[in-house]
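Remarks on the overall topology
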Amino acid sequence: MELIVDNLLPTILNEYKDICRCPRCIEDIKAITLNQLKPLYVVTEKGNIYAKLNELQMQFKADLTKEIIQAINIVSNNPRHSL
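What you see is a predicted model; the values in this text were computed from it and never measured. (Residues numbered from 1 in each chain as written. Predicted model: local features only at pLDDT ≥ 70, side-chain atom pairs only at ≥ 80, totals over all residues. Heavy atoms only, no water.)

**Section: the overall build of the chain**
Assigned secondary structure in the chain consists of four helices and zero strands. Listing the helices and strands of the chain from first to last along the sequence gives α-α-α-α. Along the first, second and third principal axes, the C-alpha atoms of the chain reach 45 × 20 × 15 Å. Buried residues in the chain amount to 30% of all 83 residues. Taking the contacts inside the chain whose residues are at least 6 apart along the sequence as the reference set, 81% of them involve residues at least 24 apart. On the chain, roughly 6,100 Å² of surface is accessible, and the fraction owed to carbon and sulfur atoms is 55%. Between the centroid of the 10 positive side chains of the chain and the centroid of its 10 negative side chains there is a distance of 1 Å. (Helix = DSSP H or I, 4+ residues; strand = E, 2+ residues; numbered from the N terminus. Buried < 20%, exposed > 50% of the residue type's maximum accessible area, 1.4 Å probe, protein only. Contact = heavy atoms within 4.5 Å. Areas by Shrake-Rupley, 256 points an atom, 1.4 Å probe, with all protein chains shown as cover. Lys, Arg positive; Asp, Glu negative; His and termini not counted. Charge placed at Lys NZ, Arg CZ, Asp CG, Glu CD.)

Shown next as structure tokens:
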């Protein structure tokens, strides 16, 4: 799931011009997002193919996008550093 979030996060962040993009805020966004998602561990090539197919499903992407947006809102309203 980490790789999937890493791939989608920059695209979603482009829609938010006024939020902090420091490493701490980005890592906080990722951590909050990942804590809300079901883990998706794979150890075989077959499992990797299954994970890739799952990524393509529209509902999966919508759910992931929703969780990332919620995490962005949480971090932007409560940064762990001074602005």
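**Digging into the pattern of salt bridges**
Counted according to the given criterion, the structure contains four salt bridges. Close ionic contact of K66 with E67 constitutes a salt bridge, the shortest N to O distance being 3.6 Å. (Salt bridge = Lys/Arg side-chain N within 4 Å of Asp/Glu carboxyl O.)

**Overview of the packing of helix α1 (residues 2-13) against helix α4 (residues 58-77)**
The N-to-C vectors of α1 and α4 enclose an angle of 65 degrees; their axes lie 10 Å apart at closest approach. Between α1 and α4 lies a crossing whose hand is right-handed. For the pair formed by α1 and α4, the contact residues are I4, V5, L8, L9, I12 and L13 on the first element and F60, K61, L64, T65, I68, I69 and I72 on the second. (Axes fitted to C-alpha atoms, helices over the stretch in contact; angles between N-to-C directions. Left-handed = near helix turned anticlockwise from the far one by under 90°.)

**Focus on the side chain of D28**
Structurally, D28 can be placed in helix α2 (residues 23-36). Residue class for D28 comes out buried when judged on its relative accessible area of 14%. Those residues in contact with D28 that sit more than four places away from it in its chain are V75 and R80.

**A short note on α4**
If you check α4, its first and last C-alpha atoms are 29 Å apart, about what 20 residues at 1.5 Å a residue would give, namely 28 Å. For α4, the full list of buried residues reads F60, L64, E67, I68, A71, I72 and V75. Each buried residue of α4 sits inside an arc of 145 degrees when the element is viewed along its axis, so together they form one side. For α4, exposure combined with an orientation more than 90 degrees from the buried face picks out M58, Q59 and N77. (Expected span 1.5 Å × (residues − 1). Arc of directions from axis to C-beta.)

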